[in-house]
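# Working through the structure, step by step
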Amino acid sequence: MYDVIIIGAGASGAAIARELSRYQGRFCVLEKEADICCGTSKANSGIVHAGFDAEEGSLMAKLNVEGNKMMEKLSKELDFSYQKNGSLVVCTNESEVEKLNELLERGKRNGVEGLQILDREELKALEPNISDEAVAALYAPTGGIVCPFGLTIAFAENAAQNGVEFCLDQEVKKIERWIAGGYRICTQDTMYETKVIVNAAGVYADVFHNMVSEKKIHITARKGEYFLLDKTAGGHVSHTVFTLPGKFGKGVLVTPTVHGNLLVGPTAMDIEEKEGTDTTAQGMEEIRKKAQRSVKEIPFRQVITGFAGLRAHEEGHEFIIKEVEDAPGFIDCAGIESPGLTSAPAIGRMAAELAKKILDLKENPAFCGARKGILNPAELTAKERNELIRKNPAYGRIVCRCEMISEGEILDAIHRPLGATTMDGIKRRTRAGMGRCQAGFCTPKTMEILERELKIRQEEITKNGAGSEMIVGRNKDGKI
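Scoring rules and cut-offs
Residues numbered from 1 in each chain as written. Predicted model: local features only at pLDDT ≥ 70, side-chain atom pairs only at ≥ 80, totals over all residues. Heavy atoms only, no water. Helix = DSSP H or I, 4+ residues; strand = E, 2+ residues; numbered from the N terminus. Rg over C-alpha atoms; globule rule 2.2 N^0.38 Å. Buried < 20%, exposed > 50% of the residue type's maximum accessible area, 1.4 Å probe, protein only. Contact = heavy atoms within 4.5 Å. Areas by Shrake-Rupley, 256 points an atom, 1.4 Å probe, with all protein chains shown as cover. Lys, Arg positive; Asp, Glu negative; His and termini not counted. Charge placed at Lys NZ, Arg CZ, Asp CG, Glu CD. Domains from an automatic or database assignment. Buried area = accessible area lost by both parts, 1.4 Å probe. Salt bridge = Lys/Arg side-chain N within 4 Å of Asp/Glu carboxyl O. Disulfide = S-S within 2.5 Å. Arc of directions from axis to C-beta. UniProt positions renumbered as here; feature names shortened; annotations may be inferred. Pairing = 2+ DSSP bridges.

### A short note on the overall build of the chain
If you tally the helices and strands in the chain, you get 12 helices and 22 strands. Over its C-alpha atoms the chain spans a radius of gyration of 23 Å, differing by no more than 12% from the 23 Å that the globule rule assigns to 480 residues. Dimensions of the chain, computed from C-alpha atoms along their principal axes, come out at roughly 60 × 60 × 45 Å. Across the 480 residues that make up the chain, the buried fraction comes to 56%. In the chain, 72% of the contacts between residues at least 6 apart in sequence involve partners at least 24 apart. Total accessible area on the chain is roughly 20,900 Å²; 49% of this is exposed by carbon and sulfur atoms. Separation of charge centres in the chain, based on 63 positive and 69 negative side chains, amounts to 4 Å.

### Things to note about the domain arrangement of the chain
The domain architecture assigned to the chain consists of domain 1 (2-40 + 149-219 + 317-363), domain 2 (82-145 + 222-308) and domain 3 (377-460). Distance from the C-alpha centre of domain 1 to the C-alpha centre of domain 3: 31 Å. Tallying the contact residues gives 12 residues for domain 1 and nine residues for domain 3. Its largest share of buried area at the contact with domain 3, domain 1 owes to Asp35, Phe149 and Glu157, together 53% of the area lost on that side. Taken together, domain 1 and domain 3 are joined by three salt bridges.

### Topic: the state of the cysteines
Enumeration according to the criterion identifies zero disulfides in this entry. Of all cysteine sulfurs, the one in Cys37 lies closest to Cys38, which takes part in no disulfide; the gap is 7.0 Å. Residue classification places Cys38 among the buried positions, given a relative accessible area of 17%.

### A word on helix α7 (residues 281-291)
Along α7, the residues that are buried comprise Gly283, Met284, Ile287 and Ala291. For α7, the angular spread of buried residues about the axis comes to 100 degrees, placing them on one side. Exposed and oriented more than 90 degrees from the buried face of α7 are Ala281, Gln282 and Lys289. Residues of α7 that are buried in the fold lie against β13 (219-229), β15 (253-256), β16 (262-265) and β18 (303-314).

### What to know about the UniProt feature "domain: BFD-like [2Fe-2S]-binding" (unreviewed entry) in the chain
Within the UniProt annotation, "domain: BFD-like [2Fe-2S]-binding" (unreviewed entry) is assigned to residues 398-451. Structurally, residues 398-451 is divided into 48% helix and 9% strand, and its ends, taken at the C-alpha atoms, are 18 Å apart.

### Details of the sheet that holds strand β3 (residues 47-48)
Neighbouring strands of a sheet are bound in pairs by backbone hydrogen bonds; such pairs are parallel or else antiparallel. The antiparallel open sheet is built from three strands, whose spatial order is β3-β8-β4. Both outer strands of the open sheet, β3 and β4 (82-83), are each paired with one neighbouring strand and no more.

### Examining the pairing of β16
Residue alternation in β16 divides its side chains into two sets, Leu262 and Val264 and Leu263 and Gly265, and both sets are buried. Pairing between β13 and β16: three bridges, direction antiparallel. Paired with Leu229 across the two strands is Leu262, which belongs to β16. Pairing of β15 with β16, which is carried by four bridges, proceeds in the antiparallel orientation. What sits directly across from Val254, in β16, is Val264. Connecting β15 to the next strand, β16, in antiparallel fashion are five residues, including Gly260 with a positive phi near 100 degrees.

### Looking at the pattern of salt bridges
Enumeration over the complete set of coordinates arrives at 43 salt bridges. The salt bridge partner of Lys62 is Glu66, with a shortest N-O separation of 2.8 Å. Of this pair, Lys62 and Glu66 both sit in helix α2 (residues 59-78), separated by four residues, roughly a single helical turn. Judged by relative accessible area, Lys62 falls into the partly exposed class, the value being 47%. Where Asp360 meets Lys362, a salt bridge forms, and the shortest distance between an N and an O atom there is 3.2 Å. By sharing partners, the salt bridges in this structure join Arg18, Glu19, Arg22 and Glu77 into a single network.

Structure (structure tokens):
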């Protein structure tokens with residue numbers, strides 16, 4: 001019997017797990033994929049929003065600002081990449097300046113600090129590649145960028161270090177109230193019993209809510225497509241550049257990433273398919289056109305990949321974080337769309353507090369809030385790096401030439417808490433395969449390392465779990 005089971009190992013679920021580990025109890029996270037951070041949390045803009053966009057008085061606005069203020073300290077405690085680079089909302093017509101002033105006033109009421117309107121001259125000084133049509137911008141110095149999978153993995157690893165169990169490849173099929181109190185959760189092969197459930201299942205949160213409550217909710221999968229450009233284009237802008245927000249969100253943005261690339265997107269299209277992460281020629285062309293309204297001369301010839309992610313859009317465009325009225329002990333963490341990543345630290349704290357109150361949880365005196373990420377040799381001096389390689393030659397064997405990732409880093413990714421077992425798991429933890437050649441060079445060597453360290457056959461190695469095997473047969477000579 002668990003005290004709390006969290007459904008979903010994305011940013012919200014992992015943050016909740018970490019906050020719950022501050023208390024004494026038996027806690028578990030169920031995730032249908034082969035790894036953590038395989039849904040919405042792995043495919044988004046990686047933006048730490050300042051908090052001027054959400055409606056005043058909304059839970060979304062409150063948690064956005066709180067999460068923003070928590071991010072820098074957390075990045076140091078949990079050792080993930082974060083930069084406070086500031087953001088700009090650009091308008092290209094004098095008639096739109098009033099909308100910037102509305103965002104400014106809303107942001108002030110939401111508690112966002114340092115907001116100001118910049119004229120064209122000030123804007124051009126900050127961003128030389130701003131569009132020639134830009135006339136003004138709202139500047140938010142508290143805006144930032146973060147590695148979304150780095151953040152999620154850091155939360156999850158720290159939770160695991162503090163005793164939270166993670167059960168992967170466990171797809172929830174059924175939830176039923178248990179006569180003895182609490183709930184039974186049935187996956188494809190296991191039954192779990194728990195006193196409290198936290199539903200942090202992203203685009204599937206409505207499915208699980210509706211299993212236990214007569215008051216139904218509906219989550220729409222809102223697809224967003226992106227371009228990722230090579231690091232040679234990473235300096236094209238230094239701030240996150242937005243267009244004025246519209247009905248479907250904050251519009252197409254142009255932003256540097258914490259790893260030095262340039263990210264452009266997303267589109268916004270509501271779809272029925274909760275796994276619909278395909279990219280389209282139409283979507284990519286839309287990004288090209290809209291992005292150039294705010295930033296000129298974007299070097300699209302430097303695109304190295306495109307991808308799409310899904311936002312969990314709730315019809316009321318509001319976070320739902322509360323105990324369900326007609327399902328005691330069932331806590332929703334639903335409708336977590338943008339600014340969900342920014343809000344994740346505050347969401348984790350709020351949901352954990354709800355569980356604490358229901359169960360009267362006591363503090364865990366052994367809780368440790370610090371976590372050390374994978375060593376990055378590039379951050380060492382030449383002398384330190386040479387000494388590292390002398391002690392462990394694996395750090396001198398480069399596997400991914402584009403990102404200069406060593407075998408030592410890949411070994412760390414495999415053997416640390418919640419270690420990688422798939423190619424995507426290696427990629428998200430180390431960036432091996434994320435460079436210009438998109439894993440064309442490093443795939444065979446990475447597979448050899450996984451085969452050796454996990455003691456499995458190469459035919460068993462997957463990209464991201466069952467059904468995505470990298471090798472599907474042998475050639476006529478019997479070789480893989």
